[in-house]
Amino acid sequence: MSRILIKNIQELVQVEKEPKLKVVGKEMTNLSTIKDAWLALENDIIVGFGTMDELEITDWVGLEIMDAEGKMVFPSFCDSHTHIVYAASREEEFEDRINGLTYEEIAK
């Protein structure tokens, strides 16, 4: 079993005590963080987090400790897949692709 404790995290980003299925609209402007934090993992799964003041370790056996002093930790999902917004219809492009044109030919 792999056990890791990351301690002295300057800021632990996007953590929630009660996970949400999805976040949309104005909720997306809220980013919960914890300053001076710790994060614990067992077999690559987050099993605990909080402020350094709250940290209590009862079992040190096999515990790998990482000191993240001065660093931020982002144990969160980040979808960096983006597209430029195209507000018009793309029906002509669809027809062009059906007719065998390449994307490069369509772009010209």
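Quantities reported herein were computed from a predicted structural model and do not represent experimental measurements.

Caption draft 1: Layout of the packing of aromatic side chains. On inspection of all chains with the given rule, the structure shows 0 aromatic pairs. Just above the ring of Tyr-103 sits the side chain of Arg-97; from NZ or CZ to the centre is 4.2 Å.

Caption draft 2: Main features of the nonpolar core. Among the nonpolar cores identified, the biggest contains 12 residues, and these are Ile-4, Ile-6, Ile-9, Leu-12, Val-15, Ile-34, Ala-37, Leu-39, Leu-41, Phe-49, Ala-68 and Val-73. Here Ile-6 is in contact with Ala-37, Trp-38, Leu-39, Leu-41, Met-66, Ala-68 and Val-73, once residues within four sequence places are set aside. Trp-38, Ala-40, Met-52 and Leu-63 belong to the second-largest nonpolar core, a separate cluster that totals 5 residues.

Caption draft 3: Molecular detail of the pattern of salt bridges. Throughout the structure, instances matching the rule amount to 6 salt bridges. The residue Asp-59 makes a salt bridge to Arg-3 at a minimum N-O spacing of 3.8 Å. One end of the pair, Asp-59, is in the loop between strand E3 (45-51) and strand E4 (63-67); the other, Arg-3, is in strand E1 (residues 3-13), and 56 residues separate them in sequence. Under the relative-accessibility criterion, Asp-59 is labelled partly exposed at 37%. Given the relative accessible area of 13%, Arg-3 is considered buried. Three or more residues are tied together by salt bridges with common partners; here these are Arg-3, Glu-42 and Asp-59.

The rules behind each value
Residues numbered from 1 in each chain as written. Predicted model: local features only at pLDDT ≥ 70, side-chain atom pairs only at ≥ 80, totals over all residues. Heavy atoms only, no water. Phe/Tyr/Trp six-rings, centres within 6.5 Å; stacked < 30°, edge-to-face > 60°. Lys NZ or Arg CZ within 6 Å of the ring centre and 35° of its normal. Core = buried A, V, L, I, M, F, W, Y, C linked by side-chain atoms within 4.5 Å. Buried < 20%, exposed > 50% of the residue type's maximum accessible area, 1.4 Å probe, protein only. Contact = heavy atoms within 4.5 Å. Salt bridge = Lys/Arg side-chain N within 4 Å of Asp/Glu carboxyl O. Helix = DSSP H or I, 4+ residues; strand = E, 2+ residues; numbered from the N terminus.

Spatial relationships are all this shows, so hold off on functional conclusions.
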